[in-house]
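Structural description and commentary
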Amino acid sequence: MIAAGLYELTRLKQHCRRCCRARTRSGGGFEFGLYCVGSSIGLMVMLVALGVMSIPWMVAIAGLVFAQKLLPAKGAIDVPLALAIVALGIVIIAAPGFVPASCHRW
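What you are looking at is a predicted structure, and each value in this text was computed from that prediction instead of being measured.

**Thoughts on the nonpolar core**
- Ranked by size, the top nonpolar core spans 11 residues in total: M1, A4, L43, M46, L50, W57, I61, L81, I85, I92 and V99.
- If you list the elements that add at least two residues to this core, you get α3 (30-50), α4 (55-70) and α5 (75-94).
- Those residues in contact with L43 that sit more than four places away from it in its chain are E8, I61, L64, V65, Q68 and I85.

What follows is the structure, given as structure tokens:
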């Protein structure tokens, strides 16, 4: 979780996000797929850590991926989101019982 949150702040993530959004209008292809995976890999890793079969977490993370795919990047939103993900990772380590669903089974 912490790594996923930190990845949200990297230049690589931002580059992949820009390319994934730009290519949406011009078609698909393998390169487009790589950019889109690079854009959301941190969130996908979060899903595995939080419990793949947890419907609430799947909905929440799918919503984040959808929003990031359609909305332009804004530091005022992206940075607090990344910090919240890091904070959630810290909570999972410090007090796993406070995190809902199946993520505290690790």
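**Quick notes on the state of the cysteines**
- Taken as a whole and assessed by the stated rule, the structure comprises one disulfide.
- Here C20 is linked by a disulfide to C36, with a sulfur-sulfur distance of 2.0 Å. Because the sign of the S-S torsion sets the handedness, a value of about 90 degrees for the bond joining C20 and C36 places this disulfide among the right-handed ones. Linking C20 in helix α2 (residues 11-24) with C36 in helix α3, this pair joins segments that are 16 residues apart in sequence. Of the two residues, C20 and C36, both sit in the buried class.

**What about the side chain of R17?**
- Examined against the element boundaries, R17 turns out to sit in helix α2.
- Sequence-distant contacts of R17, that is, excluding residues within four places in its chain, are made with S39, A67, Q68, L71, P72, A73 and D78.

**Examining the pattern of salt bridges**
- Counted according to the given criterion, the structure contains two salt bridges.
- We note a salt bridge from K13 to E8, for which the minimum N-O separation is 3.4 Å.
- Overall, the relative accessible area of 0% leaves K13 in the buried class.
- A residue is classified by how much of its surface remains accessible, and E8, at 3% relative accessible area, is buried.
- Among the ionic pairs, D78 bridges to R17, the shortest N-O distance being 2.8 Å.

**Description of the environment of V65**
- Inspection of the secondary structure puts V65 in helix α4.
- Classification of V65 by relative accessible area gives partly exposed; the value is 29%.
- Separated by 24 residues in the primary sequence, V65 and I41 place their C-alpha atoms 9.6 Å from one another.

**Focus on α3**
- In this model α3 runs 28 Å from its N-terminal to its C-terminal C-alpha over 21 residues, within 8% of the 30 Å that 1.5 Å per residue would give.
- Taken as a whole, α3 carries its principal kink of about 55 degrees at S40.
- Here α3 has its buried residues at F32, Y35, C36, G38, S39, S40, G42, L43, M46 and L50.
- With its phi angle positive at about 120 degrees, G51 sits one or two positions after the end of α3.

**Some thoughts on the confidence of the model for the protein**
- Per-residue pLDDT for the protein has a mean of 83; in total, 88% of the residues score no lower than 70.
- The weakest mean pLDDT in the protein belongs to α2 at 84; the strongest belongs to helix α1 (residues 2-7) at 94.

Calculation rules
- Residues numbered from 1 in each chain as written.
- Predicted model: local features only at pLDDT ≥ 70, side-chain atom pairs only at ≥ 80, totals over all residues.
- Heavy atoms only, no water.
- Core = buried A, V, L, I, M, F, W, Y, C linked by side-chain atoms within 4.5 Å.
- Buried < 20%, exposed > 50% of the residue type's maximum accessible area, 1.4 Å probe, protein only.
- Helix = DSSP H or I, 4+ residues; strand = E, 2+ residues; numbered from the N terminus.
- Contact = heavy atoms within 4.5 Å.
- Disulfide = S-S within 2.5 Å.
- Salt bridge = Lys/Arg side-chain N within 4 Å of Asp/Glu carboxyl O.
- Expected span 1.5 Å × (residues − 1).
- Bend = angle between axes of the 7 residues up to and from the residue.
- pLDDT = per-residue confidence, 0-100.

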